[in-house]
Each structure stands twice: as structure tokens, then as C-alpha cells.
Amino acid sequence: MTSFLHLILFLVCIIGSTVYSVDRGNFKTCEQSNFCKRCRSMDKNQKTAFELVPDSVILTDKYFEALIKNTNFDDVSLRMRLDGLKDSTLRLRINKDGNQMYNRFQPVHALVSEPVTESMIMARNASTVELELSKIIKVYITIAPFKLDVYVNEELTVGVNHDNLMQFEHYRPKPESIADNEIGSWEEYFKEHQDSKPRGPSAVSMDFKLYSSTSLYGLPEHAESLALKSTSGNDPYRFYNLDVFEYELYNGMGLYGAVPFLMGHGKKNSVGVFWLNAAETWVDIAGVKGHAEHTSVVESLVNLVSGSSTDKDIPRAHFMSECGIIDFFIMLGPKPLDVTRQYSSLTGTTPLPPLFSLAYHQCRWNYNDQKDVHDVETNFDVHDIPMDVMWLDIEYTDSKKYFTWDPVKFSEPLEMVNNLTSRGRKLVTIIDPHIKRDSNYFLHNDALNNDLYVKNKDGDVYEGWCWPGSSSYLDFMNPKVQEYYASRYSIDNFVGPTEDIFIWNDMNEPSVFNGPEVTMPKDCIHHGGYEHRDIHNIYGLLQVMSTYDGLLKRSNGKKRPFILTRSHFAGTQRFAAVWTGDNMADWSHLKISLPMCLSLAISGISFCGADVGGFFNNPDKELLIRWYQTGAFLPFFRGHAHIDTKRREPWLFDEQTTFLIRDAIRMRYTLLPLWYSMFKNHELTGAPVIRPLFFEFPYEEQLNNIDNEFMIGDVLLVCPVLDQNVQELTCYFPGQEEIWYDRDTYQPIKTNGLMKIPAPINKVPVYQRGGTIVPTKQRVRRSSVLMKDDPYTLVVAIDLKAIAKGSLYIDDEESFEYRNGHFIYIEYEYINNQLISKCLHCENFNTKSWVEKVMIIGIPNVFTKASIQVNGGSLSELTVLYNTHNQVLTVRKPAVGIAQNWTISLL
């Protein structure tokens, strides 16, 4: 393409961005992806037949290994290995045996460490191998045809290759005559783009039947319902990280991230399947109950009662990848939280984020200059709205050259940052992976001189187009690039920043405006001789890993980094938060943000949010208010907008709108102690910070398709308003012996099932679970940093047995010193009319915070006073107030240090 045509395309991408919506014709269907078409047709045509070679079997107490032959290709043999792992997990790998024409890529970057194996008891006969992982878990391997049966408690739970859809194509030279079923294996076209495919066919696939499950979940990132749908008659769910503008809803087209984790859930148990492959992947789903595009609680109940179903077969999934090896894990639960713990032990958890990152973020493409930044953050104070982080999009740079500043608009970056930090705030700047091809740009020159770029199929530096115009792309597969890129974040190299600047890695799918499907050609070459098709879905992860390393080194390993990434893969949670990308100011996009973030959370990535208000177009007042009210209860909370939208800072509306947005943001700040404690629990256990209702109530089948409500931990039930002109809302309250308390009125709800609740524009329907204790901070200030030593209010919501429990985690909110034991961990229990506080870990950290107030909800009016005993000392009398309207007893000013051991007794 000529340089002139390049320029025209580039201008169209930028100037026309406001009218551009997703053109499905720019992105492949399965029918247009030759390997997907081949693998998917296996159930229509002749199926491959793989068999174990009996004489090759190796049995040890640690693993099972054998050769597999493909009866259609006698000269091709594969090596299979099955490992039993700790915590009820299995791993199976299949790769070509012996020397290969080309190495097959294995994305070990997704794994936090090499999984720990456990001993297995093994036995075999002529047709079957039996493996016993524990007294309740057994695996039976059938030799011919090859398949696996996984039993839990003597019941068949997971079947592998039961539909005989396994495939393992082998690299080979292009023959003179190509069979009909292999057309497209050596060369493929999509629109005007050619994929040379010099290595030939390389697809792998496997089918799984989840016998104990009734519903399937996971497989993010898709703008889809929480419960996965059957793909019969439609495209499979696609994993191919792409830059998709104004994405369509309720379909399986690939978006920005790929986390090939599948969860099956049924009344008896839950299981997980993790398909470890970084290439383009499609997943067919079958055997699940059909449901509408968005399943409300009412529709879920109707389907359950009527038994309506479009497919009564056993839930099953068929994973199909363009290349790589067959490498998958099976996690055997038995409960949803067990599956997420098992999965997190493989891919890791989110390190405890710095507290400011859990507060409110203000962003726009773009704030015009330093004065604009100053005016916006000052107006948050003028209007008494807390805010922790200001963000800068691409226009802050010098002509889209990253690690630089615009010499006119942002001429004094250090002064700008210092002004923010003096008010307890931070700054985030965007750093994209495309590098402007400019001979006056140091980074481009360094990349050329040190061979740091991705190459095209001919071995020359690959050139594509993105925001700067002509661009090349750093090869993050190269350790030399990783080291160089990390070094760019040092204060010496990135002139202007301090340790209070954090990073946003965007456009890292990678986005290439003139590339096939708006991304890099698959036949580009990376370090190690791998094609881009091998590593595509981890390109963004590799960039984020280097960024994380750079921020870590910037503070000599002392301060916790904060990074936001758009592209993501399994394991991204160890390094960055994720958002749902370029959404729209539309009620449907508000609604889809819940299942999108819930799917990510159960797949390991809890730190998720959506652009509040929608990135494209202009929200009306009602939509903006409802979006803030919802976004305040998702882990990542950021307002963001496109460059051509109207300014929408909270004070630019009428008085009521500003008031209600302020109220939603302030509500978030009062709950920061809960969010922080939940993220600490996630780091330790892998438990999702936000989670579907069925996670907490796995035996309640009515919950399986509900995705317009969610839980924060096991404590709060959130039932946000997601539709226009709503004054009344139907919410489902789970649990047969549960009591829920309205967070605003403290009125109890003892219903198990559907209930209509009032939802005027000032109402955020959130309910505290009876039996829990929520730590809050009621003195909301301009930023979370300024609330560090403020006192706590404990909200005790008793259950039907008049018992409640809770916990609180405290540290310095920014460093890794907590890993050296510098933190406070407190457990609370209300029982027998006493609230007991035990500091289980108080060493090596001091806090000035104290207990300002205790509110006990749902308690009868029989107590007139209270006393407190601190550290086993003498009793002191306390003042109590009782509200007969909502049955709340308030203990005012216990005035005890938060880390002290104490007991409050009601008298």
C-alpha cells in the first residue's frame, strides 16, 4: 500500500472515529477462519481416531505418560503426559514426539509457577489405565480410542474426548495437491490481507463433557450473558484479542482479552477447565439451557419452573486453537470457591492494590493541558466530591511519542504531579506499545539499533499504522526488549514523573489500524522464531509484565505498582487491572458491564470495571447517575469519555445530578475498608472480590442465570438499576435462612426469592447480609490518602441467630511491607450480646485509627446501656441510642484503638 493510502486510512480511523461502529465484516467468522472450519466440521465428517500405544505406557507415582498415534497418519506420533496436582487438579499435555519442523509455543507466562504434583496410585489392564488421585478422585484412560473419564465420589464428572473431536495437526511442507479438507492450511486470505502460513496446518482441539454441571460460565472476554449459551447455529466463542470499537452485545465475537477458563456448575458440584493456549481459539458450547439475550431474575425463575430447555444434552465444550500444544487443567472443586482457588493456584492472584486505586478515577480523552488538569481536580474539591486519580490519554505526549511530554501543553509535568500529590492524589498516563517511526525519536532509534522490533515474514522490521501514523512494535517476547522497556519507566529515563505516576497500557492487542482484523499479521516473526499466530493473545500480557517490572524497579521494589491494561490473558491479574474497553453511553452497555466483569472475576481477574457513563456518545442525566451508582460497586471505578463527547465532570449538570453523583462516589469512599480487606482476602485465597449469587448459594438453582445482581465478597448484595425510567425494581434475595438489611434504611428483608423494592433515582439497592460485620469510614475527605488515620464505624448486621462475624485488614496502603509482616488483621464476632474484637496480627505496624461508632442492626429494644473492656482491663460505661423504627442500636464513641483487643457488652 502506498504511503498516501496509508495516510488516508490513518485519517479515516481518527477523524471518523465518532461515527464508526463495529463492522462485523472487518472480523472473521469461524467459516472464514480455516482451522476453525476444519476442526468444527469434524463432527460432520470423518472424526480423527487417536489411540494410545500400549507398549509405550510409563507409570510412576507422579505421572502417567504414553505415546498417542493418529490412525490417519501412521508416521506421526504424539506424547501425552498426565499429572496429578495438589488440591484436586489434573493436568494433561500432548505434544509431538521427537524432533519437529518448528517448536510449538507454550504460554507458561500465564502460570504463577510450575504446578506442584501429587502422588497417584496407578493400575492398568489391556484396555484401560486407572489413576487414583485421592480417595474420591479417579481417572480412567481408555487406550483405543483415546479418552479420559474423571470420577468424583464414584460419579462421572468430566469426560475428555468423549465426542472424539481431538485434533493435533502436524507441521509439514506444502504438497503438490491439497485435499479439500486442507484448503487454507498453507495460505489464507481475509479481505485484502494474505496470511502466508509457511509452516502448514497446526491446529489442536479437544472436547470436554461436564457431566455433573447444568450451566457453564467463564470464557471472558465477551460482551455476553454470564451463563454461556449454546453456539449451535452460531459462531463459537472466539479468543483473539482485537481492537473493537463500539462492540456489539450478546454474541461471542472476540474482544480485547482472552482467558480460556471454563467453569461448570451443578447442584452437586462445580468444576473448571483451563485451556492453556495463546493462539487464536474458538470454543463451541452445547448442552446448556437456552435463555434470552439478557436473563432477568423473573425469566430465570420461569425457565426453571417450566423446565424449558433448547438442549437437554450434557453440557460440553469443544476448544479449537490454531497452533500450540494441547495443554489443559481440570479443577474438581467441589464448590465454586474451590474451583477459583484451584485456578488461582495456577495463574496467581491480584497482589493487594494500593488503596488509591480502589477509589475514584477521573479520565478523559483528553484533558487539554496542565491548566485543564488543575481546574478539574480543583473543582472536585470545590464541589466536595472525593477523587484520587487524574488520568491523561495520548494527547499529553509530544506527537504520540510515548515517554515524552508535549512541550507546550504539558511543559512542566513535575509541577503538575506535585500539585496533585500535595492534595493526596496521583496521576496515570497512557503508554501504548506502538512506537512512532521518527528518526528524531530516541525510542525508535534505540529499537532499530538494538533489534528490538517485531519482524515481518520477510525478516524486515514490521511497519503498521496506529495513533502516531507509521509505527513499529516492540517484540516483548525478547528478554532484551523486556529489560529495555522496564528501564524506560525509571525516573532518570522518563523525564518528569515521580513515584506517584502510574501507567495505562492500551491498544496492546496489539491494535494495527491497517492490519488484518485491525491487528498484526499472523506471519510476523517474534524472538525465538515464533510466528505472531503462536503468541498473539499474550502480547498485551507481555507488555504489562515489562511495565510492572519497570514500576517495581522504579521504587527499588518498595511500592506496589498500579497498571490498567486493555488486552489481557490468564495471569494478567498478577500485574494489572482490566476494564471492558470502548463501551457506549447506552443502557445496554451499562447492563452488560455486570456479566462482563463477573465473568472476568470468576476467571481470576477481579480488578475489573467499565467506563462510567460510556466511552462513546453522550449519556443523559439519568443514565449517568445510574452508571455512577452501579460503577461505585465494581472493583475498578473510573469515569472516562471520548475526545468528541461533551464534557461530563459531575458539576457540569443540574444540582440534583451533581448531588447524586457526589453521593455515589462518597458511598464508595465509606466502603474502602471493606474493598481493601476483600482484595487482601483475594490475594490469599483467590476468592473473587465480586461474584455471582450462585457462588455463595451453590445449591439454589434459581440463581444460575442471574447476572443483573452480584455479591461483593460474601457480605453485600448489589441489585443496581440498569434500565431507564425505573421507579420500582424486582430483586432476588437468595438463601432460605438468610436476612438482608437495606444499607440505607436498615430495614430487614427475610424473603427468599423475588421481591419488588422501590428504586427512585436517589436509591442504590444494596443489602448487607445478616451475620456480617462491615468496617466503614464515615469521614469522607478529598482523597483516600487523607483518610488513612480516620476512625472506623463498624456496621454489625445480626443473622436469625443473633450472630455476626467480620474482619478488617490495615497496612500502609502503598508498599510491599505487608509481605514482611507489617500489617494489622482483626476479627470481629457478635455473639451472646457481646461484640468481641481480636487483633490476630498487630505486630510491626501502628495506626492512629480508632473506633468511632458501632451500629448493631436488627437487634430488639431490650438494651439500655453498654460497657467496654479493653485488653482485659476494667469496664467502662458507653452511651447507646436505639432507633425503634429500624431496630438499630448505636454505641457512640467507644474511643478505643482499632488494633486493641476489646469487648463491648450490651446491658
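Reading guide: rules and limits
Residues numbered from 1 in each chain as written. Predicted model: local features only at pLDDT ≥ 70, side-chain atom pairs only at ≥ 80, totals over all residues. Heavy atoms only, no water. Helix = DSSP H or I, 4+ residues; strand = E, 2+ residues; numbered from the N terminus. Rg over C-alpha atoms; globule rule 2.2 N^0.38 Å. Buried < 20%, exposed > 50% of the residue type's maximum accessible area, 1.4 Å probe, protein only. Contact = heavy atoms within 4.5 Å. Areas by Shrake-Rupley, 256 points an atom, 1.4 Å probe, with all protein chains shown as cover. Lys, Arg positive; Asp, Glu negative; His and termini not counted. Charge placed at Lys NZ, Arg CZ, Asp CG, Glu CD. Disulfide = S-S within 2.5 Å. Salt bridge = Lys/Arg side-chain N within 4 Å of Asp/Glu carboxyl O. Arc of directions from axis to C-beta. 1 Å grid on protein atoms, 1.4 Å probe; cavity = no way out; pocket = protein on both sides within 12 Å on 5 of 7 lines; lining within 4 Å. Points joined across faces, edges and corners; volume = space filled by probe spheres on them. Nonpolar A, V, L, I, M, F, W, Y, C, P; charged D, E, K, R; others polar. Domains from an automatic or database assignment. Phe/Tyr/Trp six-rings, centres within 6.5 Å; stacked < 30°, edge-to-face > 60°. UniProt positions renumbered as here; feature names shortened; annotations may be inferred. Buried area = accessible area lost by both parts, 1.4 Å probe.

Comments concerning the overall build of the protein chain
When its secondary structure is counted, the protein chain shows 15 helices and 53 strands. A compact globule built from 907 residues should have a C-alpha radius of gyration of about 29 Å, and the protein chain, at 28 Å, falls within 12% of that. For the protein chain, the spread of C-alpha atoms along the three principal axes comes to 90 × 70 × 50 Å. Residue burial in the protein chain is summarised as follows: out of 907 residues, 64% are buried. Nonlocal contacts in the protein chain, meaning residues at least 24 apart in sequence, comprise 73% of its contacts between residues at least 6 apart. Summing over all exposed atoms, the protein chain offers an accessible surface of approximately 31,800 Å²; the carbon and sulfur share of this is 48%. Here the protein chain contributes 89 positively and 112 negatively charged side chains, and the mean placements of these two sets differ by 4 Å.

Structural notes on the state of the cysteines
Applying the stated rule across the entire model yields four disulfides. Each disulfide pairs two cysteine sulfurs, and for Cys597 the partner residue is Cys608, the sulfurs being separated by 2.1 Å. Across the disulfide from Cys597 to Cys608, rotation about the S-S bond amounts to roughly -70°, and the bridge is consequently left-handed. On the criterion of sequence distance, the pair formed by Cys597 in helix H11 (residues 587-602) and Cys608 in strand S33 (residues 608-609) is long-range, its members being 11 residues apart. Each member of the pair Cys597 and Cys608 is classed as buried. There is a disulfide in this structure between Cys719 and Cys731, and the S-S distance comes to 2.0 Å. Around the S-S axis, the bridge from Cys719 to Cys731 shows a dihedral of about -95° and counts as left-handed. With Cys719 in the loop between strand S38 (716-718) and strand S39 (728-733) and Cys731 in strand S39, this pair connects stretches of sequence that are 12 residues apart. Considered together, Cys719 and Cys731 belong to a single accessibility category, that of buried residues.

Quick look at the pattern of salt bridges
Applying the stated criterion to the full structure yields 66 salt bridges. Two residues, Arg533 and Asp195, come together in a salt bridge whose shortest N-O distance is 2.6 Å. Linking Arg533 in helix H9 (residues 532-535) with Asp195 in strand S13 (residues 193-195), this pair joins segments that are 338 residues apart in sequence. Pair check on accessibility: Arg533 and Asp195 agree, each one buried. Across the salt bridge formed by Asp458 and Lys457, the nearest N and O atoms sit 3.6 Å from each other. The partly exposed category is assigned to Lys457, whose relative accessible area is 43%. Sharing partners across several salt bridges, the network here consists of Asp195, Arg238, Glu280, Glu322, Glu517, Lys522, Glu531 and Arg533.

Looking at helix H6 (residues 413-421)
Within H6, the full set of buried residues consists of Pro413, Met416, Val417 and Leu420. Here the buried residues of H6 occupy an arc of 95° about the axis, which is enough to place them on one side. Buried residues along H6 sit in contact with helix H5 (370-382), strand S24 (389-392), strand S25 (426-430) and strand S29 (501-505).

What to know about the layout of surface pockets
Any empty space left between atoms is shown by rolling a water-sized probe over those atoms. Here the largest pocket defines a volume of roughly 640 Å³. Along its surface, the largest pocket is lined by 27 residues, and Met678, Asn681, Asp714, Val715 and Ser807 are the ones closest to its centre. For the lining of the largest pocket, the secondary-structure elements that each account for two or more residues are helix H14 (672-685), strand S44 (772-776), strand S46 (804-810) and strand S47 (824-831). A per-element tally of the lining of the largest pocket places H14 first, with six residues. Residue composition of the lining of the largest pocket, grouped by class: 11 nonpolar, eight polar and eight charged. Counting contributing residues per domain, the lining of the largest pocket is built from domain 2 (355-691) and domain 3 (714-906), each supplying no fewer than three.

Some remarks on the packing of aromatic side chains
When we look at a pair of aromatic rings, we describe it by the centre distance and by the angle of the planes. Evaluation of the coordinates by the stated rule reveals 50 aromatic pairs. Relative to Phe328, the ring of Phe208 lies with its centre 4.8 Å away and its plane at 90°, an arrangement referred to as edge-to-face. Residue Phe208 is found in strand S14 (residues 204-210), and its partner Phe328 is found in strand S22 (residues 326-331); the two are separated by 120 residues along the sequence. With 5.3 Å between their ring centres and 70° between their planes, Trp391 and Trp504 make a pair best called edge-to-face.

A closer look at the UniProt feature "domain: Glycoside hydrolase family 31 TIM barrel" (unreviewed entry) in the protein chain
When the UniProt feature table is mapped to this numbering, "domain: Glycoside hydrolase family 31 TIM barrel" (unreviewed entry) covers residues 350-678. Its end C-alpha atoms 11 Å apart, residues 350-678 is made of 33% helix and 13% strand.

Digging into the domain arrangement of the protein chain
Looking at the assigned domains, one finds that the protein chain contains domain 1 (26-291 + 312-334), domain 2 (355-691) and domain 3 (714-906). Taking the mean C-alpha position of each, domain 2 and domain 3 sit 33 Å from one another. Contact with domain 2, which involves 44 residues of that partner, is made by 44 residues of domain 3. Between domain 2 and domain 3, a total of about 3,800 Å² is buried, with carbon and sulfur atoms accounting for 60% of that surface. Looking only at domain 2, the three residues that lose the most surface to domain 3 are Arg560, Arg626 and Thr670, adding up to 16% of its buried area. Linking domain 2 with domain 3 are six salt bridges, by the criterion used here. The closest approach of N and O atoms between Asp723 and Lys591, which form a salt bridge, is 2.7 Å. Those elements giving two or more residues to the side of domain 2 that touches domain 3 turn out to be helix H10 (539-554), H11, helix H12 (621-631), helix H13 (655-670) and H14. Per element, the largest residue contribution to the side of domain 2 that touches domain 3 is eight residues, and it comes from H14. A breakdown of the residues in the side of domain 2 that touches domain 3 according to their chemical character gives 22 nonpolar, seven polar and 15 charged.

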